[in-house]
Structures are given as structure tokens and as C-alpha cells.
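Coordinate inspection notes
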Amino acid sequence: MIRLGLQIPNFTYPGVAPEDLFERVAAIAVAAEQAGFDTVMVMDHFYQLPQLGRPDQEMFEAYTLLGAIAARTSAVKLGTLVTGVTYRHPSLLAKVVTALDVVSKGRAFLGIGAAWFEAEHNSLGFEFPPVKERMDRLEEALHITRGMFRGERPTFAGRYYQVQDAINSPAPITPGGPPILIGGGGERRTLRLTAEHAEMWNFNGALADVPGKLSVLERHCADVGRDVSTINKTMLNSLILAPTYDEAVAKRDALIASRGFDPSSLDAATMATVTARMAVGGPDEVTERCHALLDAGLDGLTFNMPADAHDLDAVAFAGEVLGKVIASR
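This structure is a prediction, so every number in the text was calculated from the model and none was measured.

Here we come to the packing of helix α3 (residues 90–103) against helix α5 (residues 131–149). Two elements in contact, α3 and α5, have axes separated by 9 Å at closest approach and are oriented at 40 degrees. As summarised for this structure, α3 and α5 are arranged oblique, according to the angle between their axes. As for how α3 packs across α5, the hand of that crossing is right-handed. Residues Pro90, Ser91, Ala94, Lys95, Val97 and Thr98 of α3 form the contact with α5, whose participating residues are Ala141, Ile144, Thr145, Met148 and Phe149.

Grouped together as the largest cluster of nonpolar side chains are 83 residues, with contacts concentrated most on Ile8, Phe11, Ile112, Leu239 and Leu301. Dropping the residues within four chain positions of it, Phe11 is found in contact with Leu21, Val25, Val42, Glu58, Met59, Phe60 and Leu65. The next biggest cluster of nonpolar side chains, apart from the first, holds 8 residues, and it includes Ile2, Met41, Phe109 and Leu181.

With that settled, the discussion passes to the pairing of strand β11 (residues 278–281). Each regular strand shows side chains that alternate between the opposite faces of the sheet. Burial along β11 is two-sided: Met278 and Val280 facing one way and Ala279 and Gly281 facing the other are all buried. As paired strands, strand β10 (residues 232–241) and β11 are joined by 4 bridges and run parallel to one another. Along β11, the bridge assignment pairs Ile240 with Val280.

Of the two faces of strand β12 (residues 301–304), the one carrying Leu301 and Phe303 and the one carrying Thr302 and Asn304 are both buried. Here 4 bridges tie strand β1 (residues 4–8) to β12, and the two strands are oriented parallel to one another. Among the inter-strand pairings, Gln7 is bridged to a residue of β12, identified as Asn304. Here β10 runs beside β12; their pairing, made up of 3 bridges, is parallel. Bridge pairing in β12 places Asn237 opposite Phe303.

Approximately 1,400 Å³ is the volume attributed to the largest pocket. Contributing to the lining of the largest pocket are 50 residues, with Leu49, Gln51, Trp116, Asn204 and Arg277 lying nearest its centre. Among the secondary structure elements, those contributing two or more residues to the lining of the largest pocket are β4 (83–84), α5, β9 (200–204), β10, α8 (245–258) and α9 (268–275). The residue inventory of the lining of the largest pocket, partitioned by class, reads 23 nonpolar, 18 polar and 9 charged. When its volume is computed, the second largest pocket comes out at roughly 300 Å³. As for the second largest pocket, its lining consists of 20 residues, and the residues nearest its centre are Asn10, Leu255, Ser258, Arg259 and Pro306. With 4 residues, the single largest contributor to the lining of the second largest pocket is α8. Of the residues assigned to the lining of the second largest pocket, the class counts are 11 nonpolar, 6 polar and 3 charged.

With that settled, the discussion passes to the pattern of salt bridges. Going through the model one piece at a time under the given rule, you end up with 20 salt bridges. Note that Glu61 and Arg88 form a salt bridge whose closest N and O atoms lie 2.7 Å from each other. Of the two residues, Glu61 is situated in the loop between β2 (39–42) and α2 (62–72) and Arg88 in the loop between β4 and α3; the sequence distance between them amounts to 27 residues. For Glu61, a relative accessible area of 28% puts it in the partly exposed group. The partner of Arg146 in a salt bridge is Glu199, and the shortest N-O contact between them spans 2.7 Å. Pair noted here: Arg146 is in helix α5 and Glu199 is in the loop between α6 (190–197) and β9, with a separation of 53 residues, a long-range link. The exposure class of Arg146 is buried, given its relative accessible area of 11%. Via salt bridges that share partners, Lys132, Asp136, Glu139 and Arg189 belong to a single interconnected network.

For the rest of this paragraph, the subject is the packing of aromatic side chains. A complete count under the given rule lists 6 aromatic pairs for this structure. Ring centres of Phe11 and Phe60 lie 5.4 Å apart, and the angle between their planes is 85 degrees; this geometry places the pair in the edge-to-face category. Note that Phe11 is positioned in the loop between β1 and α1 (21–35) and Phe60 in the loop between β2 and α2, a separation of 49 residues in sequence. Between the aromatic rings of Phe46 and Phe126, the centroid separation amounts to 5.5 Å while the plane-to-plane angle is 20 degrees, which identifies the pairing as stacked. Of this pair, Phe46 sits in the loop between β2 and α2 while Phe126 is found in the loop between α4 (118–124) and α5, placing the two residues 80 residues apart along the sequence. For Phe126, a relative accessible area of 23% corresponds to the partly exposed category. Members of the aromatic cluster, each reached through a chain of ring pairs, are Phe46, Tyr87 and Phe126.

About the thresholds
- Residues numbered from 1 in each chain as written.
- Predicted model: local features only at pLDDT ≥ 70, side-chain atom pairs only at ≥ 80, totals over all residues.
- Heavy atoms only, no water.
- Axes fitted to C-alpha atoms, helices over the stretch in contact; angles between N-to-C directions.
- Helix = DSSP H or I, 4+ residues; strand = E, 2+ residues; numbered from the N terminus.
- Parallel < 35°, antiparallel > 145°, perpendicular 65-115°, else oblique.
- Left-handed = near helix turned anticlockwise from the far one by under 90°.
- Contact = heavy atoms within 4.5 Å.
- Core = buried A, V, L, I, M, F, W, Y, C linked by side-chain atoms within 4.5 Å.
- Buried < 20%, exposed > 50% of the residue type's maximum accessible area, 1.4 Å probe, protein only.
- Pairing = 2+ DSSP bridges.
- 1 Å grid on protein atoms, 1.4 Å probe; cavity = no way out; pocket = protein on both sides within 12 Å on 5 of 7 lines; lining within 4 Å.
- Points joined across faces, edges and corners; volume = space filled by probe spheres on them.
- Nonpolar A, V, L, I, M, F, W, Y, C, P; charged D, E, K, R; others polar.
- Salt bridge = Lys/Arg side-chain N within 4 Å of Asp/Glu carboxyl O.
- Phe/Tyr/Trp six-rings, centres within 6.5 Å; stacked < 30°, edge-to-face > 60°.

As C-alpha cells, then:
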């Protein structure tokens, strides 16, 4: 389960040529492992997201990248945050994640959600059905992947996906198969599916959102006869960390400016909205934020570092600061 996770969402790094790109990503993963992160994740997208950059910026296929990272690391858990159900047939996805589990000697998990990036679908030819159908597909996919992970050779005749005596060999290294992480904060279906099918849950939100989401998840768990404590609960935020608060604010403002906005022109309310999903500051401010997240009921911390994940010293510093928070709990 995730106690301290690093998500790598960006593969456009200053001074790093395309032919050297994987080596830098691998170095980030190794630095994270050495710094005390227990999980390394990548996005499962094919175009860069609008809030992070241009669609033509570099983006690796997630599972090819994770397999390569598995060969460079030895301890961190590996998975996506998260795979869109629309991108691969569930039987193929089960085979892919199982392969990652075997290559990594039992360190894989399946991160999955209902998908949302419509422009990417339209451009690349992936079907992008309405949200209800995507949620229905997610539910069917969970049945198929779980059955294949467990070696049940499932036969499943759903509305959208069908398998017949689906063999999954070699079997996963992880007993019972890689754990499933569901991503998303939808209170009616996403959290219900989490209660029914997942070992882990992550959503992208603000600190103020946490108590309400956890309360809904707890109700769904009660409805299905499950202890909510058996689900590992985390939230993705962005980490803007520096030795001092002022340095961190300067780093944050540079990041905002790189997205085409003038930080000095943003009023307080807009800046609060922009930074609601960020932990910004020196060690003291970031430590306080992390304790608040855990005090709200989360089981672990998951961050990306959009300003400086390419800087291996910054990754090491983040692991040092965040690791002390985890060690103190």
C-alpha cells in the first residue's frame, strides 16, 4: 500500500535531449526509491494534459515505461495514476499489468479509472462514450481483470466486454494478483466501485474535500459489509518545495508563468483556487500540510513535482522532508 508515492506526469525537461529522456526518467525513479518513496507512478496518457503543457510535448506509453523502470529499481511499487478504461480491452490490460508484476517481482498494481481526456480520445481514435457508459465499462473491466489476476480463467459476457475462459499465464507474482487502485472522486459510482472492488483509492482534490469524500466512501463500505480501513486512501497533490518559503513561492510563480499566466495579475481568490491542490513552502510549511492531510484521514501521501522532478537533488530533498512526516506517524 502507498505511504509515500511520487507521480511523474511530465517528460519535458530542460537540457535533456529526446535520446536521453528515458535515462533521466529512470534516474528520477531511482532517486525517489533511494530517498524513501515507496511507490512510483506515471500518468496513462498519450498527450500532455492542458494544465501541464502542450499536447505535442513528450509523453511515454505508460506500461512500456513502467516495465523499463522496473528493471532499474528494486523496491518501489509501480503503477499508473491512472489508466483510462477506454484505452485497452480489460483482458489485455490484465496481461500487461501481470507482465509488469512478473518483471518487477511482485511490485505492480493496477491503477484504473473511467477516463476523461476527450481531446486525446478524439485525436487518436479512442472511443469516448458518455460518462455513464464509461463507468459501466469500468465496472465490467474490474470483474475481468480481477478474475484474470486470480487465475480464475473467467468467462464474462458484459454489454461492452466479453471474454471466454480467459487464461493469464504466467501468473502474477503477487498472491491474489496486483492490487487495484481506483482513481476518481465520484461519490455515487466511483466510490461505490472502490468499496466493492479496490484495495486502494486516490483522488485529485483539495484538503477541504477529504473529509466529505472519506465519509461517502465509509458509507459505501458499510453498505457492502466492508471495513473502510482495508482500503488504502491517498490524494494526489503537487509539491512545490524549497529550502525556504520565499524560494518555494518563487518556484511556484515560475511554474504558473510557464503555463502562460502572470502570477502578479491573479487575485487572491484565483490564486487560492490555482494552489488548492499544491503543497507550497519550505520544510516547515510542507510538513504542516502533510500532517493536515493525514489528520484528515488519508493513509499516505502522493505528490507530483511539476516544477522540478527532473532535478534529482530536489527529489532527494522531497523524500527527506516527506519521509520524516511518515516516520513520525
